[in-house]
Amino acid sequence: KPRTKYVGNLLKSRLNTRIRTLLSDIGNAGDTLGMEIFVVGGFVRDLMLERPIEDVDVVVEGDGIVFARYFSSIHHCRFHQHRKFNTAVIIFEDGFKVDVASARLEYYATPAALPVVENSSIKMDLARRDFTINTLAISLNAESFGTLIDYFGGVRDIKDKIIRIIHNLSFIEDPTRIFRAIKFSNRFGFRIGKVTANLIKNALNVGAVKHLSGLRVLSELKQIFSEDNPLPAVQTMADYGIDKVIHHDLKLTDTTCALFRSVGKTLAWHDLLYSDDVYPRWSVYFMAWLHGYSFTVSTQIADRLMFPIKEKELLLEQRIKAAQQIRLIEKKHPVSNQQMYRWLIHFKTECLLFMLALTKKESVRKAISHFYTHQRKTQPLIGGKDLKSLGITPGPVYSTILNKIIDEKLDGKLNTMEEEIKFAKEYAFENKLI
Ligand code: ATP
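Residues numbered from 1 in each chain as written. Predicted model: local features only at pLDDT ≥ 70, side-chain atom pairs only at ≥ 80, totals over all residues.

Under an unreviewed UniProt entry, the name given to the protein chain is DHH family phosphoesterase, and the organism recorded is Desulfobacter latus.

### Looking at the packing of helix H16 (residues 309–332) against helix H18 (residues 349–358)
For clarity, the cut-off: To get an axis, fit a line to the C-alpha atoms, keeping to the stretch in contact for a helix; angles then go from 0 to 180 degrees between the N-to-C directions. Runs of H or I in DSSP of at least four residues are treated as helices and runs of E of at least two as strands, each being numbered from the N terminus. By definition in this entry, angles of less than 35 degrees are roughly parallel, angles greater than 145 are roughly antiparallel, angles of 65 to 115 are roughly perpendicular, and the rest are oblique. Here is the rule for handedness: rotate from the far helix to the near one, and if that takes an anticlockwise turn smaller than a right angle the crossing is left-handed, while a clockwise turn gives right-handed. Each residue is represented by a C-beta atom placed from its backbone, and any two residues with such atoms within 7 Å are regarded as in contact.
Where H16 contacts H18, the two axes come as close as 9 Å, and the packing angle between them is 45 degrees. Classified by the angle their axes make, H16 and H18 are oblique. The interaxial crossing formed by H16 with H18 has right-handed handedness. From H16, Gln318, Arg319, Ala322, Ala323, Gln325 and Ile326 reach across to H18, where they touch Cys351, Phe354, Met355 and Leu358.

### Comments concerning the site of the ligand
This is how the line gets drawn: Residue proximity rests on one test: whether the C-beta atom, placed from the backbone, lies within 6 Å of the molecule or strand. In this count, Pro and Cys sit with the nonpolar residues alongside Ala, Val, Leu, Ile, Met, Phe, Trp and Tyr, while Asp, Glu, Lys and Arg are called charged and the others, Gly among them, polar. Each domain span listed reflects an automatic or database assignment of domains.
Taken together, Gly41, Gly42, Asp55, Arg129, Asp130, Asn134, Asp174, Thr176, Arg177 and Arg180 make up all the residues around the ligand. Tallying contributions element by element places helix H8 (residues 176–188) first for the shell around the ligand, with three residues. Classifying every residue of the shell around the ligand by side-chain character gives no nonpolar, four polar and six charged. Formed jointly, the shell around the ligand draws a minimum of three residues from each of two domains, domain 1 (3–160) and domain 2 (162–246).

### Thoughts on the domain arrangement of the protein chain
Domain annotation for the protein chain reports domain 1 (3–160), domain 2 (162–246), domain 3 (247–377) and domain 4 (384–430). Here domain 1 and domain 2 have C-alpha centroids that lie 27 Å from each other.

### Structural notes on unusual backbone geometry
A cis amide bond links His333 to the next residue, Pro334, at an omega of 5 degrees. Phi is positive for His76, which is not a glycine, with a value near 50 degrees. Tracing the backbone through its elements, the reader meets His76 in the loop between helix H4 (64–75) and strand S4 (78–82). You will see that Lys432, though not glycine, has its phi angle at about 55 degrees, which is positive. Relative to the elements of secondary structure, Lys432 occurs in the segment after helix H22 (417–430).

### Comments concerning the pairing of strand S10 (residues 147–150)
The test is simple: Strand pairing is assigned whenever DSSP detects at least two bridges linking the two strands.
As defined by bridge partners, strand S1 (residues 3–6) adjoins S10 across four bridges and the pair is classed as antiparallel. Its bridge partner lying in S10, Thr4 is registered against Ile149. Judged from the two bridges that link them, strand S9 (residues 137–139) and S10 form a sheet pairing that is antiparallel. Residue pairing in the sheet places Ala137 in a bridge with Ile149 of S10.

### A word on the pairing of strand S5 (residues 87–91)
Put simply, the test is: Remark: C-beta atoms are placed from the backbone, and a residue is labelled buried if 20 or more other C-beta atoms sit within 10 Å of its own, exposed if 12 or fewer do, or partly exposed between those counts.
Residues Ala88 and Ile90 of S5 are buried on one face, while the alternating residues Thr87, Val89 and Ile91, pointing to the opposite face, are not. Direction of pairing for S4 relative to S5: antiparallel, over a ladder of five bridges. Residue pairing in the sheet places His82 in a bridge with Thr87 of S5. Linking two consecutive strands that pair antiparallel, namely S4 and S5, is a turn of four residues; a positive phi of about 55 degrees is found at Asn86 within it. Relative to strand S6 (residues 97–103), S5 runs antiparallel, the two being bridged by four bridges. Opposite Ile91, over in S6, you have Lys97 as the bridge partner. Taking the residues that link successive antiparallel strands as the turn, the S5-S6 hairpin has five residues, and the phi of Gly95 there is positive, at about 95 degrees.

### Brief notes about the packing of helix H13 (residues 254–273) against H18
Where H13 contacts H18, the two axes come as close as 8 Å, and the packing angle between them is 125 degrees. Viewed along their axes, H13 and H18 adopt a mutual orientation that is oblique. Both H13 and H18 take part in a crossing whose hand is right-handed. In this structure, H13 contributes Leu259, Ser262, Val263, Thr266, Leu267 and His270 to the contact, and H18 contributes Leu353, Leu356 and Ala357.

### Quick notes on the sheet that holds S6
Taken together, eight strands build an open sheet; the order of strands is S1-S10-S9-S2-S3-S6-S5-S4 and the sheet is mixed. The open sheet has two edge strands with one neighbour each: S1 and S4. The average angle at which neighbouring strand axes cross in this sheet is 25 degrees, direction not considered. Contacts from helix H2 (residues 17–33) reach strand S2 (36–40) and strand S3 (56–61) within the one sheet, and its direction differs from that of S2 by about 155 degrees. Across the sheet, H4 is in contact with S3, S4, S5 and S6; its angle to S5 comes to roughly 15 degrees.

Structure follows, in structure tokens:
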């Protein structure tokens, strides 16, 4: 029997009207179809932790696809089904999504063979999950709306700030849970329970992570590196010796830790000022993690993790180029705006951020952030067409002229189209192009 608790007040105080209405609409649709329906997992965990709620995941006792089809028809939204897993996604007009999973009703014949006993399938669905904190469900059917259901002690573990698995073979069954335990422990500031920690060590000893496919490890690492501050997680991974399993040369040094802190500060600065310039956050931390390793070792790590070709290029070639470039800038600084522009213009945002994190020289940091803020988007307002209408014959000279215009603009000159045209005309005239 589960522990239950009424959390309707929490739903009222913590959720906006839209989500509250959505939850009761879901419950009502469940009632119409005669299906028990629950909101589960991360939603409930984050509700209890008073953290922002991102996804709505529901589980129906019955066929989730039937539920999604019915709900979509009465609320005028779209839905996608995955027959293979008996799951569906309800998609609202503005893109908001609700994931629907099916907990199949299971019937057991009693010894007397006649009546059939219906097992509580939500319990079995929750029992398959990773940690107790992810096993909470809240009933959405009208009669029991707002009843929290706790089969595995998740409420207590949230209160005690502890990550615990549900059964002893959990990490053997799915070794990615080792990374998930570390991710959640870091994100919430929870400790990993003693038994759970020992089971992680056992799983590592029998080669669970060693045999995990690169793709799966990579996906988990990307998630860890996307967290607000991945450093404690990286330290925990090192404590368990997980980095060594990925590559025997990986060793977390004080330099790497300091670089992680520096990346953290850089990203905080960037995201505050330029929230609309999105970049893969994980990649900056990944570059920091691999910083200092040779091309050969980095290649072996990238291959072990089955990096897609584009990302591999970023982590190997771009990262090494960025590190060399920053050393050169540090040596030659101060240089002209034009030189800085030519050095930096081909680097992606994530590489520029990595360079900012790498340098210890305040004046260099200032120069790069000046480039990022004021010069990166520098483009001529005129183009080939304008040059053609000035009577200049098309050819490589076009890019020469446009580059000269950029040079001028980098010094704050040529602010209007007219000024640029005048400049181009004079240049063409002086060089006998017209
Ligand atoms: P996040 O906030 O990072 O999105 P989450 O727990 O809300 O975390 P998912 O990682 O998408 O989101 O997982 C959704 C649910 O599925 C989890 O709450 C967990 O119960 C279950 N789950 C996910 N991965 C596993 C796994 N490897 N083993 C068991 N259960 C898992």
